[in-house]
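# Architecture at a glance
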Amino acid sequence: MLKKFLCFVVCCLVIISPALAELKVDIVAGASEPISVAVQKFETIGDVNKKDAAMIRSVVENDLKTTGLFRIVSHDALPEYVKMGDMPNFKLWSAIKAQVLVQATLSADAGKYKLEFYVWDVPGAEQIEAQSLVASRKSARRLAHIMADAIYERLTGEIGYFDTQIVFIAETGPVSNRVKRMAIMDQDGYGMRYLSDDKTFVMSPHFSPNMQTIVFLSYRDDDPMVWTLDLETGEQRRLGHFGGMNFAPRFSPDGSKIALSLVKNGITHIYEYDTESKQLRQLTFGNSLNTSPSYSPDGKKLAFNSDRSGRQQIHVLDLDTGNEQRITYGAGRYATPAWSPDGQFIAFTKMADDTFYIGIMDARGRNEKILAGGWYMEAPSWAPGSRRVVYYETEKAVDGIERISHIRSVDITGQNVYDIDLPENVNGVEPTWSPRVQ
């Protein structure tokens, strides 16, 4: 399905000027003042739907705004209209305190859209980015996300995450009779659609590295087992017959293996399933409960939570040597580790003092930082680039009001919390962020 989108990127011109350093955002520390970005009205050429041009502009602005790193200049404040190929009057743009100017042209030909855009460093009076994108008309929204990624990457030096998706469990109905269906949407909440029916209870969906497969827990026929869903064909397959309840599946970085928890004789251990040989290998041992595996990005280590120390804590297993090391020692219980794509951090859920927290720490368990806290929150998952985490938060029911679950994302500074809009009466839990759409 994803590969059917006709979309490719052609770099027409990239000029990196010395002035770029003045604009670059320190995304780790968080920007004290957002960079002001002016996106002028798109030129249109040929049989272009004007609504598509306006939509692309709006989506680009919204993508940048939700990071908290950029301020979008009001359209009413724009001092001039600069045609593509003309030099902006930088004094006019400086007068409204715009630091970045974005121009774009959308043209139509043979059922396709071509989007060309320039990015200008206003203080440096230099063009710092120029690209040309081509896609089918139905992929116009993806053009916007790809354009926003290019601007974000040029101004931050980090990997963009706007052209991505989130798979999650959509809950509907009263708390006493919740229907749980697997659903997928763009990272900004657009285009939500269901991937499973309302008859089978499902949990814990996760993408394969190439985004063609989702692995998840299904209670089909009241038998909790791990299944896979092919996004291209819609086909669902049971992973295997392992002789016990299995859950919490995660793909390895190369997609060749799936780590999962398996209950045998009342004891829960982590196993690794080879998708080619169909062989199952036990990774943890003893009498403790071991679950929530997460591979390091190089595939050499596995983070998981275990109660072997008497309290639920996060451990790391070296897959080559079999050596294990406990890495969390703070007050409370730790769970659901999630290794960042760059390998620097592990996100986690923490439970302490009757409060749930989402936090991050380095790969050794040091420098713990709490990003969010509340009555109930869980399931952190990383955006590409390792600078933003998605999770879900459930509000405590008050005065007979049903409990509501939100999907939110936050950056690693603990700032710029963003609520992802879901359809009315849909609650979102267990979100997982995709890799970059291919």
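In the block above lies the structure referred to throughout.
This write-up is about the structure you can find in this document.

The rules we used
Residues numbered from 1 in each chain as written. Predicted model: local features only at pLDDT ≥ 70, side-chain atom pairs only at ≥ 80, totals over all residues. Heavy atoms only, no water. Buried < 20%, exposed > 50% of the residue type's maximum accessible area, 1.4 Å probe, protein only. Helix = DSSP H or I, 4+ residues; strand = E, 2+ residues; numbered from the N terminus. Pairing = 2+ DSSP bridges. Phe/Tyr/Trp six-rings, centres within 6.5 Å; stacked < 30°, edge-to-face > 60°. Salt bridge = Lys/Arg side-chain N within 4 Å of Asp/Glu carboxyl O.

## Describing the pairing of strand E23 (residues 333–339)
Along E23, six of the seven residues are buried, which leaves the element largely enclosed by surrounding structure. Across five bridges, the pairing between E23 and strand E24 (residues 345–352) is antiparallel. Within E24, the residue paired with Tyr334 across the bridge is Lys350. Remark: five residues form the turn of the hairpin made by E23 and E24, two consecutive strands paired antiparallel; Gly343 in that turn has positive phi of roughly 80°.

## Description of the packing of aromatic side chains
One pass over the structure, following the stated rule, counts 12 aromatic pairs. Relative to Phe348, the ring of Tyr334 has its centre 5.3 Å away and its plane inclined at 55°; by these criteria the two rings are tilted. Taken as a pair, Tyr334 in strand E23 and Phe348 in strand E24 lie far apart in primary sequence, 14 residues in all. Every member of this aromatic cluster is reached through a ring pair, and the members are Phe70, Tyr152, Tyr161, Phe162 and Trp433.

## So, the pattern of salt bridges
Opposite charge on two side chains makes pairing possible when the charged atoms of those side chains draw close. Enumeration over the complete set of coordinates arrives at 19 salt bridges. One salt bridge connects Arg238 with Asp223, and the closest N-O pair in it is separated by 3.5 Å. You can see Arg238 sitting in strand E14 (residues 236–238) and its partner Asp223 sitting in the loop between strand E12 (213–218) and strand E13 (225–230), a full 15 residues away along the chain. Classification of Asp223 by relative accessible area gives partly exposed; the value is 27%. Here Lys350 ties to Glu368 by a salt bridge, and the two come within 2.9 Å at their closest N and O atoms. On the criterion of sequence distance, the pair formed by Lys350 in strand E24 and Glu368 in the loop between strand E25 (355–362) and strand E26 (369–374) is long-range, its members being 18 residues apart. What you see here is one network of salt bridges that share partners, running through Asp149, Glu153 and Arg436.

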